[in-house]
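Observations on the model geometry
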Amino acid sequence: MSATAASPEAAAQLLFPPNVQYNNSRLYTIKFLSSCFAGAVAGILGLENALGFALFICSTLFTAGCVFVKCQSRPAKYVPGGWWELVNPGQENIFSFVLVWTLFYGIVHVYD
């Protein structure tokens, strides 16, 4: 039986832990910066309510798509969890988005 047709447990053993830790760290940084940038854009544009969160969702999907292309369409090779780990924004990134969104909205639209 080949290593590619093995069970998920055996496939997980093929990942080198320091490389997985490095990849997760880089993926977290990319997601964080993407959510902060999307929050700044939403605030500057003056988006409110659902439009702001729609921008966050679009930003998250765009970022996941870019990382998916960078992973050569095989994210499970680099990150445990595969595609779901790329698309999952994470709770801390949603909070960062809202924080930066309200900050930039308050700075730009204070006298509207």
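Structure: above.
Taking 1.5 Å of rise per residue, 29 residues should cover 42 Å, and helix α2 (residues 17-45) covers 42 Å from first to last C-alpha, within 8% of that figure. Turning to α2, its buried residues are Val20, Leu27, Lys31, Ser34, Ser35, Cys36, Ala38, Gly39, Ala40, Ala42 and Gly43. Where α2 is buried, its residues contact α3 (50-70), α4 (83-87) and α5 (91-108). One or two steps after α2, the chain reaches glycine 46, where phi turns positive at roughly 75°.

Before going further, it helps to examine the packing of α2 against α5. As a packed pair, α2 and α5 sit with axes 7 Å apart at the nearest point and diverge in direction by 30°. Taken together, α2 and α5 sit at an angle that is classed as roughly parallel. As α2 runs across α5, the sense of the crossing is right-handed. Counted together, Tyr28, Lys31, Phe32, Ser35, Cys36, Ala38, Gly39, Ala40, Ala42, Gly43 and Ile44 of α2 and Glu92, Asn93, Ser96, Phe97, Val100, Trp101, Phe104, Tyr105 and Val108 of α5 form the full contact between these two elements.

The subject of this paragraph is α5. Over its 18 residues, α5 extends 26 Å from the first C-alpha to the last, a length consistent with the 26 Å expected when each residue adds 1.5 Å. Among the residues making up α5, those that are buried are Asn93, Ser96, Phe97, Val100 and Trp101. Along the axis of α5, the buried residues cluster in a sector spanning 130°; they form a single face. With respect to the buried face of α5, the exposed residues turned more than 90 degrees away are Gln91, Phe95 and Leu99. Residues of α5 that are buried in the fold lie against α2 and α3.

Moving on, we come to the environment of leucine 61. Structurally, leucine 61 is set in helix α3. A relative accessible area of 46% means that leucine 61 is categorised as partly exposed. Taking the C-alpha atoms as reference, leucine 61 lies 6.3 Å from valine 87; in sequence the two are 26 residues apart.

Checked against the element boundaries, histidine 109 lands in the segment after α5. Within the local environment of histidine 109, its side chain forms a polar contact with the backbone oxygen of isoleucine 44, the two atoms lying 3.2 Å apart. Other than its neighbours up to four places away in sequence, histidine 109 contacts Gly43, Ile44, Leu45 and Gly46.

Attention shifts here to the nonpolar core. Core analysis: the biggest nonpolar cluster contains seven residues, these being Leu27, Ala64, Val67, Cys71, Val79, Leu86 and Val87. Not counting the four nearest positions on each side in its chain, valine 87 is found in contact with Thr60, Leu61 and Ala64. Listed in part, the six residues of the second largest apolar core include Leu47, Phe56, Phe97 and Trp101.

Definitions and limits used
- Residues numbered from 1 in each chain as written.
- Predicted model: local features only at pLDDT ≥ 70, side-chain atom pairs only at ≥ 80, totals over all residues.
- Heavy atoms only, no water.
- Helix = DSSP H or I, 4+ residues; strand = E, 2+ residues; numbered from the N terminus.
- Expected span 1.5 Å × (residues − 1).
- Buried < 20%, exposed > 50% of the residue type's maximum accessible area, 1.4 Å probe, protein only.
- Contact = heavy atoms within 4.5 Å.
- Axes fitted to C-alpha atoms, helices over the stretch in contact; angles between N-to-C directions.
- Parallel < 35°, antiparallel > 145°, perpendicular 65-115°, else oblique.
- Left-handed = near helix turned anticlockwise from the far one by under 90°.
- Arc of directions from axis to C-beta.
- Polar contact = N/O pair within 3.5 Å; in protein donor to acceptor, adjacent residues only side chain to side chain.
- Core = buried A, V, L, I, M, F, W, Y, C linked by side-chain atoms within 4.5 Å.

So far we have only geometry, and geometry alone does not tell us how the molecule works.
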